[in-house]
Amino acid sequence: ARAAFDLGLATPISTPACDGTGIVVVGNAIDPSNYAGEVQGYLTAFPGSSYLRTDQTCSSLRARDDNGNPIYAVYQVAGRTTADICRLRNQIGGTAYGKWLDNTTDPTTFITPSECGA
């Protein structure tokens, strides 16, 4: 049986602990009619990534987009420090950004490419 909100992809949905771990978000799926396609595209482009639904996990992640739709985030685990996040963020490049998995960080904040020297 699949977990709630799992999209039925080869990679199952993840439920990471909200323990302060840093992640790098490689992309977000925000089109309800194409969640599976968008998530699979990011998983294919960034091997080793996982995905989650932001309204079903840590409150440090923005729960919904500007239209009120749930957000699926495709990410990679970076580590416990900003340096860990920046190292992975800069390896991935593009518009990837860092977030903390916790229940205290404001969900509107993130670690930007420019903060990582990109």
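Residues numbered from 1 in each chain as written. Predicted model: local features only at pLDDT ≥ 70, side-chain atom pairs only at ≥ 80, totals over all residues. Heavy atoms only, no water.

So, about the environment of isoleucine 30. With respect to the helices, strands and loops of the structure, isoleucine 30 is situated in the loop between strand 1 (21–29) and helix 1 (35–45). Residues isoleucine 30 and alanine 63, 33 residues apart in the sequence, show an inter-C-alpha distance of 11 Å. Leave out the neighbours within four places in its chain, and isoleucine 30 touches Tyr35, Glu38, Asp65, Asn69, Pro70 and Ile71. (Helix = DSSP H or I, 4+ residues; strand = E, 2+ residues; numbered from the N terminus. Contact = heavy atoms within 4.5 Å.)

Counting residues in hydrophobic clusters, the biggest one holds 18 residues, and the most contacted among them are Val24, Val39, Leu43, Tyr51, Tyr72, Val74 and Ile92. Broken down by secondary-structure element, the contributors of at least two residues to this core are strand 1, helix 1, strand 3 (72–79) and helix 2 (82–92). In terms of residues, this core owes the most to one element, helix 2, which gives four residues. Not counting the four nearest positions on each side in its chain, isoleucine 92 is found in contact with Val24, Val26, Phe46 and Gln76. Formed by eight residues, the second largest nonpolar core is a distinct cluster that contains Ile23, Leu52, Ala73 and Leu101. (Core = buried A, V, L, I, M, F, W, Y, C linked by side-chain atoms within 4.5 Å. Buried < 20%, exposed > 50% of the residue type's maximum accessible area, 1.4 Å probe, protein only.)

Using the criterion set out here, one finds two disulfides in the structure. One disulfide bridge connects cysteine 18 with cysteine 58, the sulfur atoms lying 2.1 Å from each other. Because the torsion about its S-S bond is -100°, the bridge between cysteine 18 and cysteine 58 counts as left-handed. Of this pair, cysteine 18 sits in the segment before strand 1 while cysteine 58 sits in the loop between strand 2 (50–53) and strand 3, and the two are 40 residues apart along the sequence. (Disulfide = S-S within 2.5 Å.)

Positive phi, normally seen in glycine, also occurs at phenylalanine 5, with a value near 70°. Secondary-structure assignment places phenylalanine 5 in the segment before strand 1. With a relative accessible area of 34%, phenylalanine 5 lands in the partly exposed category.

What follows covers the sheet that holds strand 4 (residues 97–101). If you walk across this open sheet you meet the four strands as 2-3-1-4, and the pairing is antiparallel. Taken across any chain shown, the strands that pair with only one partner, and hence form the sheet edges, are strand 2 and strand 4. Averaged over all adjacent pairs, the angle separating strand axes in this sheet is 45°, with direction ignored. Looking at chain direction, strand 2 and strand 3 are connected through four bridges and run antiparallel. (Pairing = 2+ DSSP bridges. Axes fitted to C-alpha atoms, helices over the stretch in contact; angles between N-to-C directions.)

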